[in-house]
Amino acid sequence: MVLNSLTIFASRNFLLMEHVDINNSIVSFKSTIDKSKKIVGFTGAGISTESGIPDYRSKGGIWDKFQPVYFEEFISDEKKRLLYWQRKQELWKDLSTASPNTGHMFFKRLYDEGKLAGLITQNIDGLHEKSGLAKDLIVNLHGTNLEVACIDCGFTVPSEDVFESLDLEQGVPSCQKCKGLMKPATISFGQQLRSADLDRANELANSCDLMIVIGSTLVVQPASSFPSIAKENGALLAIITLSETPLDSCADFVFHLKVEDFLRLLKP
Ligand SMILES: [Zn+2]
């Protein structure tokens, strides 16, 4: 009996201390945001799960159920190309109706306050664009599902124009300019990241005074190297993600919380 009540007392005290710690960190994080002039965001799948976008790479995610179609196969194998388009058509139903959530709107607010220098994302869902961020501030490291591009001449078309009238029984779409292969503008397995995007992300990481990571486990390279680059160049680093990351030990702020719970605490 005595032991039980002691245990309860101790754990209550512990919870209380943890609560005070989080509150102190939130206050200090808020004042860091106030003082920062060039903030760069870095986001991964965890920011979009609340919008109903599945985390493709997690267990039970889409790549767990299906063999991915590699870029080389898309180019050389007609059947794989069709399979790829069928999957994208299926995904488009979720993507076209998904809306940005509080996590995306957090960065939109920083943008409206004139503090956001750029946003690097591993996501391909286009939700940062939909939140109203200027397109030229966003670096889509893994490409975007908002556009379909010709592999040969680079001609791009908005995805909705393609998917609204897509009939795969008539074959996969081809470029109206050069008849080349059209593909949703995401980076496939086996496909190189675009060097212009890597350069811009590098530049942002080198010039920011605060990098805020939301919803990334920071394990997919080279994307995850940007928070390290920012830190090495003297920026402060904040990581808000449910699970631990390899950079937790060098970050200035770490909140292992769901994005929406964190933002609830952050509100004045
Ligand atoms: Zn073309």
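In this text, all values refer to a predicted model and were calculated from it rather than measured experimentally.

Time to look at the overall build of the protein chain. The secondary structure content of the protein chain amounts to 10 helices and nine strands. Put simply, of all contacts in the protein chain between residues at least 6 apart along the chain, 66% involve residues at least 24 apart.

What follows deals with the sheet that holds strand S4 (residues 143-150). Within the open sheet, the three strands sit side by side as S5-S4-S6. Their pairing is antiparallel. Each edge of the open sheet carries a strand with a single partner, namely strand S5 (156-158) and strand S6 (182-186). Neighbour to neighbour, the strand axes of the sheet diverge by 40° on average, direction disregarded. In this structure, S4 lies alongside S5, joined through three bridges in antiparallel fashion. Bridged to Glu147 within S5 is Pro158.

Within strand S2 (residues 116-121), six of the six residues are buried, which leaves the element mostly enclosed by the surrounding structure. Judged from the five bridges that link them, strand S1 (residues 39-43) and S2 form a sheet pairing that is parallel. The partner of Phe42 across the bridge, within S2, is Ile120. Where S2 lies against strand S3 (residues 138-140), three bridges are found, and the strand directions are parallel. For Thr121, the partnering residue across the bridge sits in S3 and is Asn140.

Topologically, Ala223 is positioned in the loop between strand S7 (210-214) and helix H9 (225-232). Using a count of 22 C-beta atoms within 10 Å as the deciding quantity, one classes Ala223 as buried. Distance in space between the C-alpha atoms of Ala223 and Ile120 is 8.7 Å, their sequence separation being 103 residues. With residues near it in sequence (within four places) discarded, Ala223 still touches Gln122 and Leu141.

Mean pLDDT over the protein chain works out to 89, with 88% of the residues at or above the 70 mark. Long-range and interchain partners of residues 1-10, a stretch whose pLDDT sits below 50, account for zero contacts in this model, where long-range means more than four residues apart.

Within S6, four of the five residues are buried, leaving the element largely enclosed by the surrounding structure. The pairing of S4 with S6 spans four bridges and is classified as antiparallel. Following the sheet pairing, Cys150 is matched in S6 by Met182.

Attention now goes to the packing of helix H8 (residues 195-207) against H9. The interhelical angle for the contact between H8 and H9, taken along N-to-C directions, is 35°, at an axis separation of 7 Å. Seen along the crossing, H8 lies across H9 with a hand that is right-handed. Contacts between H8 and H9 involve Ala201, Asn202, Ala205 and Asn206 on the former and, on the latter, Phe226, Ile229 and Ala230. A class-by-class count of the residues in the contact of H8 with H9 yields five nonpolar, two polar and no charged.

This part covers the sheet that holds strand S9 (residues 253-255). Read across the open sheet, the six strands follow the order S3-S2-S1-S7-S8-S9; overall the sheet is parallel. Sheet topology places S3 and S9 at the edges, where each strand pairs with a single neighbour. Pairs of neighbouring strands in the sheet enclose a mean axial angle of 15°, with direction left out of account.

Bringing unusual backbone geometry into the picture now. Cis geometry marks the peptide bond from Gln221 to Pro222, where omega comes out at 0°. You can see Pro222 is positioned in the loop between S7 and H9. Notably, Leu218 is not glycine yet its phi reads approximately 55°, a positive angle. In this structure, Leu218 sits in the loop between S7 and H9. A tally of 24 C-beta atoms within 10 Å means that Leu218 is categorised as buried.

Rules used in this analysis
Residues numbered from 1 in each chain as written. Predicted model: local features only at pLDDT ≥ 70, side-chain atom pairs only at ≥ 80, totals over all residues. Helix = DSSP H or I, 4+ residues; strand = E, 2+ residues; numbered from the N terminus. Contact = placed C-beta atoms within 7 Å. Pairing = 2+ DSSP bridges. Axes fitted to C-alpha atoms, helices over the stretch in contact; angles between N-to-C directions. Buried ≥ 20, exposed ≤ 12 C-beta atoms within 10 Å, placed from the backbone. pLDDT = per-residue confidence, 0-100. Left-handed = near helix turned anticlockwise from the far one by under 90°. Nonpolar A, V, L, I, M, F, W, Y, C, P; charged D, E, K, R; others polar.

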